[in-house]
Amino acid sequence: MIHATSTQSPVQVTPNVGVFCRIRATHRHAIRRVPINQPTLIRVVRGNKQVWWGQVDRQIGIDTMLVLPVGAEVHLANVPDVTGCYEAEMWSLDAMLLARMQRHHAEVVASSLSLDRVSLPWQMLDPVTERAWTRLWSSITTSELALPIIQHRAEECLLSLLLAGGGQALFVANNGGVVDRVRQWVMLLPAHPWTTAELAARMNCSEATLRRKLAHFGASVRDILENVRMGQGLALLQTSSHDVAEIAAQCGYQSASRFSIRFRERYGLSPSELRRAMA
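Residues numbered from 1 in each chain as written. Predicted model: local features only at pLDDT ≥ 70, side-chain atom pairs only at ≥ 80, totals over all residues. Heavy atoms only, no water.

Draft legend 1. Spotlight on the overall build of the protein chain. A count of helical and extended segments in the protein chain gives eleven helices and ten strands. Seen through its C-alpha atoms, the protein chain measures out along the principal axes to roughly 45 × 45 × 45 Å. Per-residue burial for the protein chain yields a buried fraction of 48% across its 279 residues. In the protein chain, once contacts between residues fewer than 6 apart in sequence are set aside, the share between residues at least 24 apart is 72%. For the protein chain, the exposed area adds up to about 13500 Å²; of that, 54% sits on carbon and sulfur atoms. Here the protein chain holds 29 positive side-chain charges and 23 negative ones, and the gap between their average locations is 4 Å. (Helix = DSSP H or I, 4+ residues; strand = E, 2+ residues; numbered from the N terminus. Buried < 20%, exposed > 50% of the residue type's maximum accessible area, 1.4 Å probe, protein only. Contact = heavy atoms within 4.5 Å. Areas by Shrake-Rupley, 256 points an atom, 1.4 Å probe, with all protein chains shown as cover. Lys, Arg positive; Asp, Glu negative; His and termini not counted. Charge placed at Lys NZ, Arg CZ, Asp CG, Glu CD.)

Draft legend 2. Looking closely at the pairing of strand β9 (residues 86–93). With seven of eight residues buried, β9 lies mostly within the body of the structure. As defined by bridge partners, strand β2 (residues 18–25) adjoins β9 across eight bridges and the pair is classed as antiparallel. When the bridges of β9 are listed, glycine 18 appears paired with leucine 93. Here strand β4 (residues 40–46) runs beside β9; their pairing, made up of six bridges, is antiparallel. Bridge pairing in β9 links arginine 46 to glutamate 87. (Pairing = 2+ DSSP bridges.)

Now the structure itself:
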């Protein structure tokens, strides 16, 4: 059994920039097969994060940025420092921000994508990017700042990361777009009883065509639904005080027990076990 104690952290949603939250823990805990449904940056502030990426594993500390592309699946463990504290800042990027970056800084993005680099999800944090990251996180907690200023600081942070030689994975189109498009529809309403027929209609194609396109990339509507809903469930358990039944409903599960079974199968512990460890 995995033992973890985490404080629930408020979530800050900034239009056309992304979702920001802090994750804290007082005991080491591991979560397997975490789905990345939005491009995500994570910076550890205290303690370490153990990351398993394929056959490679690494301890991520305060000197490293974790860069997780959409569609990835990763095993993680949060490891407190000697004082018993773990804290990380997590930013899930909005697609509109990435599109703006590609318009405003097309040459930098294109140059970065042209580099032949080993595809690993970590990047050493250089001083320029660290300062840009700190300014961005300071700005989202300052209510008097106008949204365009926050958006500018978000672009500054991404530009610094790219110029330092990292962050390319955030801009790589995944699976020819079809998996991403289905994922985006599901993320809009995770609790909606999505069917292949409805998703195909939203994408202006037949059910057979959608199934064929998804199968080409080893995906299916069922897999995407589960990845999105399980990702939503994990996020809500970590950052909200909603009870398990309410979270299950928000994730599209008609019963809390069914949600709990799927959650345990996916992550290695049940929602109730995680919540008891967080108390």
